[in-house]
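What follows is the residue order along each chain.
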Amino acid sequence: MRSSPALSVSPVMEGQRASLGLKASAGFALLFLHFPILIIILYAFTTEESSFQFPPPGLTTRWVSELFNRTDFWNAFGLSVLVALVATAVALVLGTLLSLALYRSSFFGKESITLLVILPIALPGIVTGIALRSGMSLTGLSFSFWTIVIGHATFCIVTVYNNVIARLRRTGYSQIEASMDLGATSFETFRYIILPNIATALLAGGMLAFALSFDEVIVTTFTAGQQETLPIWIFSQLTRPRDRPVTNVAALFVMATTFIPILLAYRFTNDSQGR
Amino acid sequence: MTGDASSRPSWWRRVAIYLYQRPNLSLVLLLALPLLWLAVFYLGALVSLLIQSFFKLDGFTGRIVRQFGLETYQQLFTAANMDVVYRTVIMAAVVSVACAVLAFPLAYFMARYASYRVRGILYLAVLIPLWSSYLVRVYTWKIILAQEGIITWFFNVLGLKPVLDAILAIPLIGGSSLSFSFIGMFLVFVYIWLPYMILPINAALERVPKSLIEASSDLGGRPNYTFWRVILPLTVPGIIAGSIFTFSLTLGDYIIPSVIGNSSFFIGRAVFAQQGTAGNIPLAAAFTVVPMVIMGVYLVVAKRLGAFDAL
Amino acid sequence: MAAHSGRSIAVKMTDVCRHFGDVKAVDHLDLEIYDGEFFSLLGPSGSGKTTCLRLIAGFEHATSGSIELHGVEMVKWAPRRIGFVTVGQRLVSVPPYERDVNTVFQDYALFPHMSVGDNVAYGLMIQKVPKAERQRRVSEVLDLVRLPGYESRKPAQLSGGQRQRVALARALVNRPRVLLLDEPLGALDLKLRQQMQIELKAIQQQVGITFVFVTHDQEEALTMSDRLAVFNRGRIEQIGVPAEIYERPTTGFVAGFVGTTNLISGALAQRINGSDQAVSIRPEKIHMVALDAAVEPGWKAVMGSVRDVIYLGMHTRYLVELEGGGDLTVVQQNLETSSIDVHASRGNRVKLTWDTTSIRVLQGQTV
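Residues numbered from 1 in each chain as written. Chains lettered and ligands numbered in written order. Predicted model: local features only at pLDDT ≥ 70, side-chain atom pairs only at ≥ 80, totals over all residues. Heavy atoms only, no water.

Asker: Please give an account of the overall build of chain A that cites residues and values.
Answerer: When helices and strands are tallied, chain A shows 11 helices and 0 strands. When the elements of chain A are put in sequence order from the N terminus, they spell out α-α-α-α-α-α-α-α-α-α-α. Against the 2.2 N^0.38 benchmark of 19 Å for 275 residues, chain A shows a C-alpha radius of gyration of 23 Å, more extended than a compact globule. Along the first, second and third principal axes, the C-alpha atoms of chain A reach 70 × 65 × 35 Å. Residues counted as buried form 57% of the 275 residues belonging to chain A. Contacts in chain A between residues at least 24 apart in sequence constitute 71% of all its contacts with a sequence separation of at least 6. Summed over its atoms, the accessible surface of chain A is roughly 11200 Å², and 65% of this surface lies on carbon and sulfur atoms. In chain A, the 17 positive side-chain charges and the 14 negative ones have mean positions that sit 6 Å from each other. (Helix = DSSP H or I, 4+ residues; strand = E, 2+ residues; numbered from the N terminus. Rg over C-alpha atoms; globule rule 2.2 N^0.38 Å. Buried < 20%, exposed > 50% of the residue type's maximum accessible area, 1.4 Å probe, protein only. Contact = heavy atoms within 4.5 Å. Areas by Shrake-Rupley, 256 points an atom, 1.4 Å probe, with all protein chains shown as cover. Lys, Arg positive; Asp, Glu negative; His and termini not counted. Charge placed at Lys NZ, Arg CZ, Asp CG, Glu CD.)

Asker: Now, about the packing of helix α1 (residues 20–43) of chain A against helix α6 (residues 134–145) of chain B: what can you tell me, with residues and values included?
Answerer: Geometrically, a packed helix pair is captured by the angle between its two axes and the distance between the axes. The geometry of α1 of chain A relative to α6 of chain B is characterised by a closest axis approach of 9 Å and an angle of 75° between their N-to-C directions. Taken together, the axis directions place α1 of chain A and α6 of chain B in an arrangement best described as roughly perpendicular. Contacts between α1 of chain A and α6 of chain B involve F32, F35, P36, I39, I40 and Y43 of chain A on the former and, on the latter, V136, Y139, T140, W141, I143 and I144 of chain B. (Axes fitted to C-alpha atoms, helices over the stretch in contact; angles between N-to-C directions. Parallel < 35°, antiparallel > 145°, perpendicular 65-115°, else oblique.)

Asker: Tell me about the layout of surface pockets, and name the residues and values.
Answerer: The volume enclosed by the second largest pocket comes to roughly 1600 Å³. Around the second largest pocket sit 38 residues that line it, and Y173 of chain A together with L19, Y20, P23 and S26 of chain B are the ones nearest its centre. At the level of secondary structure, the elements contributing two or more residues to the lining of the second largest pocket comprise α3 (71–102), α7 (173–181) and α8 (186–215) of chain A, α1 (11–20) and α2 (23–54) of chain B together with β7 (85–93) of chain C. By residue number, the principal contributor to the lining of the second largest pocket is α2 of chain B, which donates 6 residues. (1 Å grid on protein atoms, 1.4 Å probe; cavity = no way out; pocket = protein on both sides within 12 Å on 5 of 7 lines; lining within 4 Å. Points joined across faces, edges and corners; volume = space filled by probe spheres on them.)

Asker: Let's hear about a nonpolar patch on the surface: which residues, and what values?
Answerer: Residues and elements named next belong to chain B. A surface patch of nonpolar side chains, amounting to about 890 Å² of accessible area, comprises W153, F154, V157, L158, L160, V163, I167, I170, L172 and I173. Going through the elements one at a time, α7 (150–157) and α8 (161–169) are the ones with two or more residues in the nonpolar patch. One can find I167 in helix α8. The class of I167 is partly exposed, set by a relative accessible area of 31%. (Patch = residues over 30% accessible without salt bridge, like charges linked within 9 Å, V, L, I, M, F, W, Y side chains within 5 Å. Salt bridge = Lys/Arg side-chain N within 4 Å of Asp/Glu carboxyl O.)

Asker: I'd like a description of the sheet that holds strand β11 (residues 227–232) of chain C, backed by residues and values.
Answerer: Residues and elements named next belong to chain C. Strand order in the open sheet made by the 6 strands is β8-β9-β10-β3-β11-β12, with mixed pairing throughout. Edge positions in the sheet fall to β8 (101–104) and β12 (235–240), since each of these pairs with one other strand and no more. Ignoring strand direction, the axes of neighbouring strands in this sheet form an average angle of 20°. Summarising the sheet, β11 and β12 pair through 5 bridges and their orientation is antiparallel. (Pairing = 2+ DSSP bridges.)

Asker: Describe the sheet that holds strand β4 (residues 64–69) of chain C, with residues and values.
Answerer: All names here are of chain C. Strand order across the open sheet formed by 4 strands is β2-β1-β4-β5, with antiparallel pairing between neighbours. Each having just a single partner strand, β2 (23–34) and β5 (72–73) make up the two edges of the open sheet. One ladder, built from 5 bridges, connects strand β1 (residues 9–20) with β4; its direction is antiparallel. Along β4, the bridge assignment pairs M13 with I67.

Asker: Requested: an account of helix α5 (residues 125–139) of chain A, with residues and values cited.
Answerer: Residues and elements named next belong to chain A. Between its first and last C-alpha atoms α5 spans 21 Å; for 15 residues at 1.5 Å apiece the expected length is 21 Å, and the two agree. Burial runs high along α5: 12 of the 15 residues are buried. The positive-phi residue at the C-terminal boundary of α5 is G140, with phi of around 75°. (Expected span 1.5 Å × (residues − 1).)

Asker: Describe unusual backbone geometry, with residues and values.
Answerer: All names here are of chain C. Positive phi, close to 60°, is recorded for K128, a residue that is not glycine. Secondary-structure assignment places K128 in the loop between α2 (116–126) and α3 (131–144). For K128, a relative accessible area of 62% puts it in the exposed group. We note that E183 has phi near 40°; this positive angle belongs to a residue other than glycine. With respect to the element layout, E183 can be found in the loop between β9 (178–182) and α5 (190–207). Owing to a relative accessible area of 9%, E183 belongs among the buried residues under this scheme.

Asker: Which residues make up the interface of chain C and chain A, and what values do they have?
Answerer: How big an interface is tends to be reported as the loss of accessible area on association of its parts. Facing 23 residues of chain C, the contacting portion of chain A comprises 18 residues. Buried area between chain C and chain A, both sides added, is near 1800 Å², and the carbon and sulfur share of it is 62%. A salt bridge links R54 of chain C to E177 of chain A, with the nearest nitrogen and oxygen atoms 2.6 Å apart. Scanning the region where chain C abuts chain A turns up 7 residue pairs in polar contact (both at pLDDT 80 or more). (Buried area = accessible area lost by both parts, 1.4 Å probe. Polar contact = N/O pair within 3.5 Å; in protein donor to acceptor, adjacent residues only side chain to side chain.)

Asker: I'd like a rundown of the interface of chain B and chain A, residues and numbers included.
Answerer: Between chain B and chain A, the residue contacts involve 93 residues of the former and 96 residues of the latter. Between chain B and chain A the total buried area reaches about 8900 Å² when both faces are included, carbon and sulfur atoms providing 80% of it. Counting the contacts that link chain B with chain A gives 1 salt bridge. E188 of chain A serves as the salt-bridge partner of R13 of chain B, at 3.8 Å between the closest nitrogen and oxygen. Where chain B packs against chain A, one counts 14 residue pairs in polar contact (both at pLDDT 80 or more). In terms of residue count, the dominant contributor to the side of chain B that touches chain A is α2 of chain B (17 residues). Tallied by class, the residues present in the side of chain B that touches chain A amount to 69 nonpolar, 15 polar and 9 charged. (Nonpolar A, V, L, I, M, F, W, Y, C, P; charged D, E, K, R; others polar.)

Asker: If you had to explain the pattern of salt bridges to someone new, which residues and values would you point to?
Answerer: The full count for this structure, using the stated rule, is 25 salt bridges over all chains. Here E183 of chain C ties to K49 of chain C by a salt bridge, and the two come within 3.5 Å at their closest N and O atoms. Linking E183 of chain C in the loop between β9 and α5 with K49 of chain C in helix α1 (residues 49–57), this pair joins segments that are 134 residues apart in sequence. Take E183 of chain C and K49 of chain C: they sit in the same class, and that class is buried. Here the salt bridges share partners, and the residues they tie into one network are E177 of chain A together with R18, R54 and E60 of chain C.

Asker: Help me get a handle on the side chain of T152 of chain B, residues and values and all.
Answerer: Looking at the element boundaries, T152 of chain B is found in helix α7. When near neighbours in sequence (up to four residues on either side) are disregarded, T152 of chain B contacts A146, Q147, K161 and L164 of chain B.

Asker: An account of the packing of helix α4 (residues 79–112) of chain B against helix α14 (residues 281–304) of chain B is needed here, citing residue identities and associated values.
Answerer: All names here are of chain B. Contact geometry for α4 and α14: axes closest at 12 Å, N-to-C directions at 35°. The handedness of the crossing between α4 and α14 comes out as right-handed. Counting all contacts with α4, which are made through N81, V84, V85 and V89, the residues of α14 involved are L283, F287, V290 and I294. A class-by-class count of the residues in the contact of α4 with α14 yields 7 nonpolar, 1 polar and no charged. (Left-handed = near helix turned anticlockwise from the far one by under 90°.)

Asker: Pulling in residues and values, what's your account of the side chain of E60 of chain C?
Answerer: Residues and elements named next belong to chain C. By the secondary structure assignment, E60 is in the loop between α1 and β4. Within the structure, E60 has its side chain in polar contact with the side chain of R18 (distance 3.2 Å). When neighbours within four sequence positions are excluded, E60 is seen to be in contact with R18, F20, T51, R54, L55 and S93.

Asker: Lay out helix α13 (residues 267–275) of chain B in plain terms, naming residues and giving numbers.
Answerer: Of all the 9 residues making up α13 of chain B, 8 are buried; the element is thus mostly covered by neighbouring parts of the structure. Every buried residue of α13 of chain B is accounted for by I267, G268, R269, A270, V271, A273, Q274 and Q275 of chain B. Buried residues belonging to α13 of chain B abut α5 and α9 (218–223) of chain A together with α4, α11 (223–252), α12 (255–259) and α14 of chain B.

Asker: Provide a residue-level description of the pairing of strand β10 (residues 210–215) of chain C, including the pertinent values.
Answerer: Residue and element names in this part refer to chain C. For β10, a buried count of 6 out of 6 residues is recorded, marking the element as mostly surrounded by other parts of the structure. Along β10, one buried face is formed by T210, V212 and V214 and the opposite face, lined by F211, F213 and T215, is buried too. Pairing between strand β3 (residues 38–42) and β10: 5 bridges, direction parallel. Bridge assignment links F38 to a residue of β10, and that residue is F211.

Take a look at the structure:
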């Protein structure tokens, strides 16, 4: 980087242009981040059945219809959606309660609680996974839909918590005081003032929690047993390659499914930032 | 405001008043459910993980012996298992450095040069890969790195096939194709964790006050000097914050080493294999203690260096 | 105050403390505010005036003392329990929503997701006032604050002054017995501020509600209030009608904070007043006269020379160095002189005279 001319230009003056070197390295990082997405789109339509040949010998849409007839895929998809919905609902309730409790109070142990909320996502996923697995082994609990949900909800709480507490901090506390001053109890204040204020933050946090859960594989493999969520289905396709073309289409499909909630979440967060 | 003084307040209004006058009780009620959840399902699980790591697997019956002892840890500290640990830590370190080098120019461009609109677009461009399907993105690299894939094709088109072969011929990090080499695995790790590095560096850069840069150049600091002596040191907490993610995520990942690479074990894969096919939950638990300890030390050092402010 | 005898008391605070750790935001406060009064809490920032207002509203909780609103105690003792064991007592307050007071917030605190009409109707909606009456009362009060027909606007579409009026309407529509105003004009520019001062006063007289008005602007407090309390460091320095506060300040702080004054202590006080007790004399009470002018009986005269002259248009401020040490600030109205003459007086030897009754003796030795 030392030789990069970009960094030798003072960035002080307004409207100054970045140098070619900096633009090129920034552009390279962007390209690196995004060209795989183009690849996945391309390969969803390749006519090649058994290898990842580039360039694809031809293009076809027949794998799309083939995927639609695969019940194993749709079963996994259904399970993933159901898990994500329930985990998101749990995370919404728990995350909102936490942020309401923590955003204006200070008490001994508050830092530890914040750490505890972040920990499931800060520690490697495998820790959460094997911890839950060994807990189940210790207590004799067997794999079920709910063991998956418990794992997912635990690391989803933090996304809801972060979104809601940020919004609560941005909402003037005087609004809450004004509501109580005008005769509303804490319950009424929550219903009429706090909830409308945090609504989009809840949506954004919920969307992210959904995307996180829908896509999760590391923790899930430890808590799912024989059940197949969509990521586990894809993972098994990866390690034991068969039906490559169908997997390609499935990959594109999953990408698109997570893409929408993320874009929506981004909009919800940034729309309300202007206020 | 009392509405009608003659009627008694409704029961839930009385509940509200009761709770209002007991802020500690209200706090306990709000915290009860989430804390109970986290304590039981997360802390409880972590504790059981520690407990399990002191149990051992009876090699003969294949059953877990619920008796405290250090045999499992003795097993962990055998040369073969320690190789797995070293390999993982080195990979995590190299990946973190590469992420920092790649992330810095983009973060710097976003923070210093991009207009408000462009910055928003770039921000989204970094966020989308961060949040979109991790597994699919790993899978994409399986396609990209395949022997018959786009990278090989690219080198062929440029007539550089011998260069690629030479790279793959390097002992240790090479392999039969990129998809089965440490180089390939390294590329995928860097790709997957890169957004985690860009965002904290960007946040740290945006926090460098413009006035400070102006002051430096007012005092005759040449641009190069300003960058190396003012901007970069102030960005260090951001880089460390980013490396917390890249390091921790690499330590614990087992998907990438199972999909890409020459099937040599990393911590994550070892844990996965031990609890799964081997049924050796105690050893898997002991293995997991390693990244927890490493990250614990890492976090303490990072906190000393002020990285938490950049998170 | 004789004028208030027989009037009922709206707010009564007795020995109220509000401590945040070591910080005494409000310290042993005693205060009585009468029904229908326009009462100001005046003081610099951090003097405890806003905390006092928040104690009345119920947003802050007293550490000790008693707060009565129309004779009803707002600070009560409750048993402190650990589990089921009573281990002592603690103070609890009546929640804001159980108090017959409403507040106009400094930042207005309008609800951004509601229209102006819904903002104003909020209190009525909570009280379950029927919709038709709600609408009638909202449009009535919007007329009162001169925003007729603004019901469907959003707060974001309004100017600062309009938001201020909405905040006022939202509080007034509930017909509270006491209206609390926390520096409501602080965010407005000077012209709008002066206009709102007049309007606020007019509205108060029209609705007859007790207004408790927090401000750091002494001029605002003097022009608007029936009575005011001057706050300093969590305590009340003086309570009185505006003229009383201005003309007869009892402490150096009040004399200095309300208007400008000459605070005199030590040797100079001895020379001027015959005692080293600290005194205050307003600059406009000192007359600058010709050297040979006669001194009226009951008046005091000293000689000095003009060291500095500040021309202020309507009047001129002189800094006069006294013979024998010390100096006094003197303000003279510019009745005949022009600015050129004024500046020429620099260095002139002058005679200063004042009526000895305009000297205020202050509590405490120092200022």
